[in-house]
Amino acid sequence: MSLLVSEAVAKSIEDEKGNTRITWHGGEPLSCGIRHFRTLLIPFESQRIAGRVTHSIQTNATLINDEWCSLFKEHAIHVGVSIDGPQWANYKRVTWGSKESYSHVMRGISFLKKHQIPFTVICVVGDWSLNRARELYEFFCELGCFEVGFNIEEKVGIHDFLASDSGELVKGFWEELFIAWRGNPIIQVREFSRILSWMETVSESKESAIYHQDLFPSVAHDGNVVLLSPELLDARSKHYNNFVVSNVLRQSLSFILASGEEFEYVRDFRRGVEKCAHVCEYSEYCMGGQASNKFFELGSTDGTETIYCRNAEQRLVDAILSVV
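Caption draft 1: Inspection of the sheet that holds strand S8 (residues 224–226) at higher detail. With antiparallel pairing, the three strands of this open sheet are ordered in space as S7-S8-S11. At either end of the open sheet lies a strand with only one pairing partner, and these are strand S7 (218–219) and strand S11 (246–247). Sheet analysis places S8 next to S11, joined by two bridges and oriented antiparallel. Within S11, the position partnered with Asn-224 by the bridge is Asn-247.

Following this line, the structure appears as structure tokens:
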């Protein structure tokens, strides 16, 4: 990403009210080098100091060292690490030379712990780990993260594989995980925090929580912007062409967001959400699902149920209800 793009994004959010969260992710954000990354942060610094911008980064941790940790602390960057569990579970995450990356990830995590930098984890769960939920949870308790989120393997972007669509296997994973967490809740599990909060809100108000999916802009290295999901940045479609709605070097983010509803794939997604509300008993929880999963599984953003929503939303709800 060029400094011009970073400056354009910073200028776009100058007049935004409240706090804007900037998430650096996609590929490996640390691979640009610490000197360049520090340069990209400069345009946001006055807003960060004023409490109007918060930075987060999602990294595979392989490049983290003392210098990166100093940068994270200097700019109060929230750190998320991508690791799929113990070494046996992390075998799909390899270097460009197809060598194991686990030792490099753990070394990076050791630097975070050395500098007392809190971190979260995102763990991808597939057929290789669906029957070992407790083992995964216990690993993350020992790892030292304060929160872990579990992503059931999904068909999205260039990743063309899906975890098992076996309802009992996936539901069993969530059940075992919930029992393990409830017995030793020393770290947060993203999915449980979300669903229990939703259940509490519904229980207290006797109605569904009011929620509206925002357009969620994602900015590419060249300034191109897509809405709803970062996975759509490199996607192509015979129907939608590509999903780029504009470029921050030509138009501000506020202008792009204001005109976002005009784009066909956004309108289709809204229609799909409405259809979900009428046909799916889980829609009050998931609020219509994710645009990227609908597109990559169904070929359009106006679809309803996907394998992903069955695995990550429906079976999660069923599992929690069966245990509590």
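Caption draft 2: Just the pairing of strand S4 (residues 119–125), in detail. A large share of S4 lies buried, amounting to five of its seven residues. Across four bridges, the pairing between strand S3 (residues 78–82) and S4 is parallel. By the bridge assignment for S4, Ser-82 is matched with Ile-122. The parallel pair S3 and S4 is bridged by helix H5 (residues 102–114), and the resulting crossover is right-handed. In this region the chain leaves S4, passes through helix H6 (residues 133–143) and returns to the parallel neighbour strand S5 (residues 147–152); the handedness of that crossover is right-handed.

Caption draft 3: Region of the structure containing the nonpolar core. Residues Phe-140 and Phe-150 are the most contacted members of the largest nonpolar core, which totals 89 residues. Ignoring sequence-local partners within four residues, the contact set of Phe-140 consists of Ile-83, Asp-84, Gly-85, Val-121, Cys-123, Cys-145, Val-148, Phe-150 and Ile-187.

Caption draft 4: Representation of the side chain of Arg-310 within the structure. Looking at where Arg-310 falls in the secondary structure, it is placed in helix H13 (residues 307–323). A distance of 2.7 Å separates polar atoms of two side chains, one belonging to Arg-310 and the other to Glu-305.

Caption draft 5: Highlighting helix H12 (residues 291–298). Along H12, seven of the eight residues are buried, which leaves the element largely enclosed by surrounding structure. In this structure, the buried residues of H12 make contact with strand S9 (236–237), helix H10 (264–279) and H13. Taken from the residues just after H12, Gly-299 is the one with a positive phi, measuring 85 degrees.

About the cut-offs
- Residues numbered from 1 in each chain as written.
- Predicted model: local features only at pLDDT ≥ 70, side-chain atom pairs only at ≥ 80, totals over all residues.
- Heavy atoms only, no water.
- Pairing = 2+ DSSP bridges.
- Helix = DSSP H or I, 4+ residues; strand = E, 2+ residues; numbered from the N terminus.
- Buried < 20%, exposed > 50% of the residue type's maximum accessible area, 1.4 Å probe, protein only.
- Right-handed = clockwise from strand over helix to strand, strands pointing away.
- Core = buried A, V, L, I, M, F, W, Y, C linked by side-chain atoms within 4.5 Å.
- Contact = heavy atoms within 4.5 Å.
- Polar contact = N/O pair within 3.5 Å; in protein donor to acceptor, adjacent residues only side chain to side chain.

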